[in-house]
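Structural characterization, general
What follows is each chain in one-letter form.
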Amino acid sequence: MGRLDDRVAIVTGAARGIGRATALRLSRDGAAVVVNDIDADPAAETVALIQSEGGRAAVFVANTVDLSEAHTLVAATIEEFGKLDIVVNNAGTTRDKMFHGLTDELFDFVVDANLRTAYHTTLAAMPYMREVAKAEIAANGRPSYNRKIVFTSSVAALMGNPGQFNYTAAKGALVAVTKTLARELGPFGINVNAVAPGFIETRLTAAKSEGDTYGIPEQLRADSLALISLGRLGEAEDIANVHAFLVSSDADFVSGVTIPVTGGQLGGM
Ligand SMILES: NC(=O)c1ccc[n+]([C@@H]2O[C@H](COP(=O)([O-])OP(=O)(O)OC[C@H]3O[C@@H](n4cnc5c(N)ncnc54)[C@H](O)[C@@H]3O)[C@@H](O)[C@H]2O)c1
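Please read all numbers here as calculations on a predicted model, not as lab measurements. For every chain, the first residue of its written sequence is number 1, and the numbers climb from 1 along that sequence. pLDDT decides what is reported in this predicted model: residues at 70 or higher carry local features, side-chain atom pairs at 80 or more are listed and counted, and totals for whole chains, interfaces and linings draw on all residues regardless.

**Describing the overall build of the protein chain**
Under the DSSP-based scheme used, a helix requires at least four consecutive residues in state H or I and a strand at least two consecutive residues in state E, with every element numbered from the N terminus. Tallying secondary structure elements over the protein chain gives eight helices and seven strands in all. Rg of the C-alpha trace for the protein chain: 18 Å, near the compact-globule value of 18 Å for 269 residues, within the 12% margin. Any residue whose C-beta has 12 or fewer other C-beta atoms within 10 Å is treated as exposed, any with 20 or more as buried, and any in between as partly exposed, C-beta atoms being built from the backbone. For the protein chain, the proportion of its 269 residues judged to be buried stands at 47%. Note on contacts: residues are paired as contacts if their backbone-placed C-beta atoms lie within 7 Å. When contacts within the protein chain are restricted to residue pairs at least 6 apart in sequence, those whose partners lie at least 24 apart make up 72%. For a compact globule the rule gives 2.2 Å times the number of residues to the power 0.38, and the radius of gyration it is set against comes from C-alpha atoms.

The structure is reproduced here in C-alpha cells:
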C-alpha cells in the first residue's frame, strides 16, 4: 500500500528534470499522475516510464501561462481520473541577465513561466479542491482528507543570485503566496507549501557554453559545490522526495512553509 493510493495529482513541467522525478515518485507512492509540460515528446516519455512500472498516468501538453489552458488541463484531469487532490507547481525556467541589461521581454517570460503558470494552474484547480472540500465540510463537518498544493521556489530567492532579477522576482513571490494561500485554504483542509531547491543537476544547471539557452558557467558550478555542506550536487530525486512528503498525509500539519532542499548550502537558509 502506498501513502498516495487513490490520490490524483497534476505535476507541471514534468517532461524532464525535477518534474519527471516527482511524477515518477508520486506514482510509486500510489497516485495517478497527469504529466503537464509544453514539450510533448519528453512528457510522453515520462508517462511511458510511469506506465512501464504499472502506474497510472496521462499526458497533457498545455502552456498554463494562458489561463484557458490551465482550465483545460484541470478539466482533462477530471475527465481522465475523476478528481484532483494534489497540484505540484514545478514548471519553470531561467533566462539570466545582469540587471542593467534586463528587458521587459526577459522579465515577462521568466515571471510567466515560473509564477503565472503556478497561479493559473492553482486557480483552475479551486473548483475541484476548495469547492469539493467545502461540500465535504458541509456534509460531514470536515474534509474527507487533506488536499495539497506545492510551489517550487528556489534557494536563489532566499539568498539572492546575480543575473536572476527576473527569476528571483517570481520565485520570491511563490514564497509569499505560499503563506497567503496556506491561510486562505487551510480552513478547507488544503495544505500549501513550497520547496526551495538548491543546486540540482538538470538542464537548468548543466555546464553552459557560449550561446546555450540553458545552463550555468562551469566556474559557477564548481563554486556552488564548494558551498554545499553535504559535498555533492543535488539530484532531481532529492526534490521529488520532499515533494512526495509534502503531498502525503505525513505532512498534514505542515502548511505555509518553504523548505530549502540544498544539501546544507551555506548562506542558503
Ligand atoms: N535545477 C535546479 O538547480 C533548480 C533550483 C531551484 C529551483 N528549480 C526549479 O525547479 C523546477 C524544475 O526545474 P528543472 O531543474 O527540473 O528544470 P528543467 O528545465 O529540467 O525542467 C523544467 C520543465 O518545465 C517545463 N516548462 C517550462 N515552462 C513551462 C510552461 N509554461 N508550462 C509547462 N511546462 C513548462 C519545461 O519544458 C521543462 O520540461 C523549476 O521551477 C525550476 O525553476 C530548479
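**Considering helix α6 (residues 165-185)**
A helix's residues, less one, multiplied by 1.5 Å, set its expected span. With 21 residues, α6 should reach 30 Å at 1.5 Å per residue; the first-to-last C-alpha distance of 29 Å fits that figure. Every buried residue of α6 is accounted for by N166, Y167, T168, A170, K171, L174, V177, T178 and L185. Elements in contact with the buried residues of α6: α4 (104-140), β5 (147-152), α5 (155-159), β6 (190-197) and β7 (258-261).

**Remarks on the nonpolar core**
Note on terminology: a nonpolar core is a set of buried residues of type Ala, Val, Leu, Ile, Met, Phe, Trp, Tyr or Cys, with members joined through C-beta atoms within 7 Å. Membership of the largest hydrophobic core comes to 69 residues, with the highest contact counts inside it found for A9, V33 and V35. Per element, the largest residue contribution to this core is nine residues, and it comes from α4. Non-local contacts of A9, meaning those with residues more than four positions away in its chain, are made with L26, A31, V33, D85, I86, V88 and V247.

**Digging into the site of the ligand**
In the region of the ligand, 30 residues are neighbours, and G13, G17, G92, S154 and T202 sit closest. Residues are grouped as follows: nonpolar covers Ala, Val, Leu, Ile, Met, Phe, Trp, Tyr, Cys and Pro; charged covers Asp, Glu, Lys and Arg; every other residue, Gly included, is treated as polar. Along the lines of polarity and charge, the residues of the shell around the ligand split into 10 nonpolar, 16 polar and four charged. Here, nearness means that the C-beta atom of a residue, built from backbone geometry, sits within 6 Å of the molecule or strand in question.

**Some points on the sheet that holds strand β4 (residues 86-89)**
Strand order in the open sheet formed by seven strands is β3-β2-β1-β4-β5-β6-β7, and the pairing between neighbours is parallel. Only two strands of the sheet have a single partner each, and these edge strands are β3 (57-61) and β7. If you compare each strand with its neighbour and ignore which way they point, the axes differ by 20° on average. The criterion for strand pairing is that DSSP finds at least two bridges linking the strands in question. Bridging between strand β2 (residues 32-37) and β3 involves five bridges; their strand directions are parallel. Bridge pairing in β3 places D37 opposite V61. Only the stretch in contact is used when fitting a helix axis, every axis being a line fitted to C-alpha atoms; angles between N-to-C directions are given from 0 to 180 degrees. Taken strand by strand, α6 contacts β5, β6 and β7, and its axis lies near 165° from that of β6. The sheet strands contacting helix α8 (residues 236-246) are β4, β5, β6 and β7, and the helix crosses β6 at an angle near 165°.

**Here's the deal with helix α1 (residues 17-28)**
With 12 residues, α1 should reach 16 Å at 1.5 Å per residue; the first-to-last C-alpha distance of 17 Å fits that figure. Of all the 12 residues making up α1, 11 are buried; the element is thus mostly covered by neighbouring parts of the structure. The set of residues buried in α1 consists of G17, I18, G19, R20, A21, T22, A23, L24, R25, L26 and S27. Looking at the residues trailing α1, positive phi occurs at G30, about 115°.

**Some details on unusual backbone geometry**
The phi torsion of most residues other than glycine is negative, and most of the peptide bonds are trans. In the Ramachandran plot, D6 falls in the positive-phi region, its phi being about 75° despite a non-glycine side chain. Looking at the element boundaries, D6 is found in the segment before β1 (8-12). Owing to 11 C-beta atoms within 10 Å, D6 belongs among the exposed residues under this scheme.

**Concerning the packing of α1 against α8**
Here α1 crosses α8 at 50°, and the two axes come no closer than 8 Å. Comparing the axis directions of α1 and α8 gives the class oblique. The way α1 lies across α8 gives a crossing that is right-handed. Residue-level inspection shows G17, I18, R20, A21, T22, R25 and L26 of α1 in contact with α8, the latter providing A236, E237, I239, A240, N241, H243 and A244. Here the angle decides the label: under 35 degrees means roughly parallel, over 145 means roughly antiparallel, 65 to 115 means roughly perpendicular, and every other value means oblique. Should the near helix be turned anticlockwise from the far one by less than a right angle, the crossing is left-handed, and should it be turned clockwise, the crossing is right-handed.

**Things to note about the environment of T77**
Along the polypeptide, T77 turns up in helix α3 (residues 67-81). Measuring from C-alpha to C-alpha, the distance between T77 and A62 comes to 12 Å, with 15 residues separating the pair along the chain. When neighbours within four sequence positions are excluded, T77 is seen to be in contact with V8, I10, V34 and L84.

**Regarding the packing of α1 against helix α2 (residues 40-52)**
Interhelical geometry of α1 versus α2 gives an angle of 25° and a closest axis separation of 10 Å. Taken together, the axes of α1 and α2 are roughly parallel relative to one another. Note that α1 runs across α2; the crossing there is right-handed. Facing α1, whose interface residues are R20, A23, L24 and S27, α2 presents T46, L49 and I50. Considering only residue class, the contact of α1 with α2 consists of four nonpolar, two polar and one charged.

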